[in-house]
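In case you want the letters, here they are:
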Amino acid sequence: MTDPLQPLATSLRTHPCGALRAEHAGQTVRLGGWVHRSRDLGGLVFIDLRDRAGLVQVSFDPATSPAHVIAAATSAGVESVVLVEGTVALRPEQMRNKEMASGDVEVRATSFTVVGPAVTPAIPVARGKGEKMPAEELRLRHRHLDLRRPELQANLVLRHRLMQATRRFLSDRGYLELETPILTKPTPEGARDFLVPSRMHAGEMFALPQSPQIYKQLFMMSGLDRYFQIARCFRDEDLRADRQLEFTQIDIEASFVGREDVMVMAEGLVHALWAEGGHAIKVPFPRITYADAMERYGCDRPDLRYALEIRDVTAAFAPLDFVVTKSAIAAGGRVRGIVIPGGGGWSRKQVDELEALAKSAGASGLLRVKRTGTEYEGPIAKFLDDAAKSALALNDGELGLFVAGPDRTANPALDRVRQECAARLNLADDKALAFTWVVDFPMFDQDPETKALAAVHHPFTSPNPDDMKARPGAPESWRAAGADVRAARHHGPGRAGAALRLPARGAAGGGPAARRDRLRLRPDRDAARRRDLAARRDRLPQDDGGPRPVRGGTHAGARRGPA
RNA sequence: GGGGGCGUAGCUCAGUUUGGUUAGAGCACUCGACUGUCACUCGAGAGGUCGCGGGUUCGAGCCCCGUCGCUCCCGCCA
């Protein structure tokens, strides 16, 4: 690959500042940049000059720089835009700076011109080690200053490279980069549309698409076969730290493909993108079914960097004369929980905190028992007979935490407790990514009271064809023909590994009426969707998949997080 | 829509618990000193409607009421 900085030479400069290295020693160079920081030692002055490529130290020494040049450098304020001419010189051995990419050299200035004198910046650009960032509001108000920071520029550069890598990868595999309209009719998706008033049609609104769901399928019906788009998406929901009004997603659709084709392609793209970012990740990703994930981790996006798996101990509690578990089991629930090595040493207060967590997630309580030697302690210990003790299989020093009740409430509670325990025990490897596929999601979630069905994912995923054939009258039991990529979250600003989601897609299943019902279409609205469904009668290519969106990490300069 | 937190110098923050002299620190800024620094160092200086409005009080940055802004969480959201 050609050096991406090489073309930066112009009639005014010979090199970008940050590109200078020992190999340039002896050359006369002209530079343009911003005064990042300066150090006046009295007669000897240093300026760290900054541009997009990085920093370089410019020295102003009476032995090499004319007096008026030194005077000009002395009075130049930080963030002034300057032009410098000088000679690249190797620094004396002791004066090299290993923390600076250009730290082996400096530019000995023979000429110095301030082309843009700066006022004191409203927020500091150069930041010392350990200094905090200004408030988000101020950073956004003075965005031009904020974006001068090398770390933010690095984000934008990475974003650019990821986009180029995406285009390269997909184009090489026959995907066409096509665009779909931004101003559309409102659609019955999950997130609320951004609405834009129309001048020509007073009282009516356009909607900005939360994602380009609809029109891309026209491409498939039309026979374009493979499409992708690095698409801007919009949603009018309340914000969170990791949720933005607008964001970018890589949207892909393909025809004549099966689930394996989609998964292999998606793994390849994820692999290529992380490789571009300097991370080697292993493919294929391990796979886990939704049912397995819920059973072992209580969560459809388990953090697989650590085990701490959920156990079913219903059999141990079933014979016991203990009202809590007895009534839960009688009502069709189970008793499940996790066993924590070393948890026996946790204080009453620490365990109470876990119980509060479980309760806030919907559990009625958290049963606890710890084993010390042959002794069992805790509120439920007195109910345990020898058979139950051996069934629990607690080792010395271990703490057992259990939830009794229906999976529907126990799962989220156990998930929260498991994650908190892992955090306390520092079980997760910060550097690990733990990519995994979660497959065989249920198609629908059924409200236990109203029996109403709601799509677990977006409602346009195809049901598993085998399930549809086997139990045509029981859509609540169907699995979806989709799969999600999950990655354990990283913690810390700017390092969030995105949660990637790649549900496959297709028709909603059932007849047109059932589809309409499931999609919650209103006959008087949703014209675009109705037209789409109608067009399906003209036949889609066999299609259980065009993965939707690889999400996350592509929105420049902003805090990143799972979508 | 609901709940919590915050708002003091250009920036980051102490000070509010228990009201009491002239509201402080670090960085940045200005001036001065300093010839190998790299968050240079040292000395001096300037810089404040304590978010805004009202109230209680002899006296409010501090207590009370209202209001605006920011932020986090729940709801919502893929």
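Computed from a predicted model, the values in this text were never measured in an experiment.

**Student:** Help me out: how do you make sense of the overall build of chain A in this one?
**Tutor:** Secondary structure assignment for chain A yields 15 helices and 21 strands. At a minimum sequence separation of 6, the contacts of chain A that also span at least 24 residues come to 66%. For chain A, the computed accessible surface area is about 28300 Å², with 53% contributed by carbon and sulfur atoms.

**Student:** How should I be thinking about the confidence of the model for chain A in this particular structure?
**Tutor:** Where the model shows low pLDDT, its predicted coordinates should not be examined in detail. Chain-level statistics for chain A give a pLDDT mean of 79 and a share of 79% at 70 or above. Low pLDDT, under 50, characterises residues 489-563; the stretch is placed with 206 contacts to residues that sit more than four places away or in other chains. The complex model carries a pTM of 0.79, and its ipTM stands at 0.89.

**Student:** So what exactly am I meant to see when it comes to the pairing of strand β14 (residues 367-372) here?
**Tutor:** Consecutive residues of a regular strand have side chains that alternate between opposite faces of the sheet. Bridge count for β14 against strand β16 (residues 399-405) is four bridges, and the pairing is antiparallel. Residue pairing in the sheet places R368 in a bridge with L401 of β16. Of the pairings in the sheet, the one linking β14 to strand β15 (residues 375-377) comprises three bridges and is antiparallel in character. Opposite T372, over in β15, you have E375 as the bridge partner. In this structure, the hairpin formed by β14 and β15 is closed by a connection of two residues, where G373 is found at a positive phi of approximately 60 degrees.

**Student:** Whenever I open this one, the sheet that holds β14 confuses me. Can you help?
**Tutor:** Taken in spatial order, the five strands make up an open sheet running β12-β13-β16-β14-β15, and their pairing is antiparallel. Both outer strands of the open sheet, β12 (311-312) and β15, are each paired with one neighbouring strand and no more. In the packing of helix α9 (residues 323-330) onto the sheet, contacts are made with β13 (334-340), β14 and β16, and the angle to β16 comes to roughly 45 degrees.

**Student:** Before we go on, may I ask you to explain helix α12 (residues 407-425) in this structure?
**Tutor:** Within an α-helix, residues lying three or four positions from one another point in the same direction, as the helix has 3.6 residues per turn. Look at α12: 26 Å from first C-alpha to last across 19 residues, which is about the 27 Å you get at 1.5 Å a residue. Buried residues along α12 sit against α7 (290-297), β13, α10 (348-360) and β16.

**Student:** Mind showing me how you'd approach the environment of G298 here?
**Tutor:** When you line up the elements, G298 lands in the loop between α7 and β12. Residues G298 and A25, 273 residues apart in the sequence, show an inter-C-alpha distance of 61 Å. Those residues in contact with G298, other than ones at most four positions away along the chain, are A293, I310, N411, P412 and D415.

**Student:** So what exactly am I meant to see when it comes to unusual backbone geometry here?
**Tutor:** Cis geometry marks the peptide bond from V283 to P284; its omega dihedral reads -5 degrees. Here P284 shows up in the loop between α6 (259-276) and β11 (287-289). Although it is not a glycine, E79 adopts a positive phi angle of roughly 75 degrees. Within the secondary structure layout, E79 lies in the loop between α1 (67-75) and β4 (81-90). Under the relative-accessibility criterion, E79 is labelled buried at 4%. The phi angle at A393 is positive, at roughly 55 degrees, despite the residue not being glycine. With respect to the helices and strands, A393 occurs in the loop between α11 (386-392) and β16.

**Student:** Before we go on, may I ask you to explain the packing of aromatic side chains in this structure?
**Tutor:** Aromatic ring pairs are defined here through the distance separating the ring centres and the angle between the ring planes. Applying the stated criterion across every chain yields a total of seven aromatic pairs. Centroid distance F317 to F402: 5.9 Å. Interplanar angle 65 degrees. Geometry classified as edge-to-face. Placement of F317 in helix α8 (residues 314-317) and of F402 in strand β16 is noted, with a sequence separation of 85 residues between them. This pair shows no difference in class: F317 is buried, exactly as F402 is. Looking at R173, its charged tip hangs above the ring of F169, at a distance of 3.6 Å from the centre. Across from the ring centre of W346, 5.1 Å away, lies the NZ or CZ of R424, which sits over that ring.

**Student:** What am I meant to see in the sheet that holds strand β1 (residues 28-40) here?
**Tutor:** Strand order in the closed barrel formed by five strands is β1-β2-β3-β5-β4, and the pairing between neighbours is mixed. Across the sheet, the axes of successive neighbouring strands diverge by a mean angle of 55 degrees, strand direction being ignored. Here two bridges tie strand β3 (residues 54-60) to strand β5 (residues 105-116), and the two strands are oriented parallel to one another. Residue V58 lies in a different strand from β5, and its bridge partner there is V107. The sheet contacts of α1 involve β1, β2 (45-51), β3 and β5, and relative to β5 the element is tilted by about 70 degrees.

**Student:** Help me out: how do you make sense of the side chain of T325 in this one?
**Tutor:** Of note, T325 is situated in helix α9. Filtering out sequence-adjacent residues up to four positions away, T325 remains in contact with F317, V335, L367 and A404.

**Student:** I tried to follow a nonpolar patch on the surface on my own but got confused; where do I start?
**Tutor:** There is a patch of nonpolar side chains on the surface, built from I182, L183 and F206 and spanning about 240 Å² of accessible area. Note that F206 resides in strand β8 (residues 205-208). Residue classification places F206 among the partly exposed positions, given a relative accessible area of 32%.

**Student:** Is there a simple way to think about the side chain of D415 in this case?
**Tutor:** Tracing the backbone shows D415 in helix α12. Buried and without a salt bridge, D415 has R418 as its closest oppositely charged side chain, separated by 5.1 Å. Residues in contact with D415, not counting those within four places in the same chain, are Y297, G298 and C299.

The rules behind each value
Residues numbered from 1 in each chain as written. Chains lettered and ligands numbered in written order. Predicted model: local features only at pLDDT ≥ 70, side-chain atom pairs only at ≥ 80, totals over all residues. Heavy atoms only, no water. Helix = DSSP H or I, 4+ residues; strand = E, 2+ residues; numbered from the N terminus. Contact = heavy atoms within 4.5 Å. Areas by Shrake-Rupley, 256 points an atom, 1.4 Å probe, with all protein chains shown as cover. pLDDT = per-residue confidence, 0-100. Pairing = 2+ DSSP bridges. Axes fitted to C-alpha atoms, helices over the stretch in contact; angles between N-to-C directions. Expected span 1.5 Å × (residues − 1). Buried < 20%, exposed > 50% of the residue type's maximum accessible area, 1.4 Å probe, protein only. Phe/Tyr/Trp six-rings, centres within 6.5 Å; stacked < 30°, edge-to-face > 60°. Lys NZ or Arg CZ within 6 Å of the ring centre and 35° of its normal. Patch = residues over 30% accessible without salt bridge, like charges linked within 9 Å, V, L, I, M, F, W, Y side chains within 5 Å. Salt bridge = Lys/Arg side-chain N within 4 Å of Asp/Glu carboxyl O. Lys, Arg positive; Asp, Glu negative; His and termini not counted.

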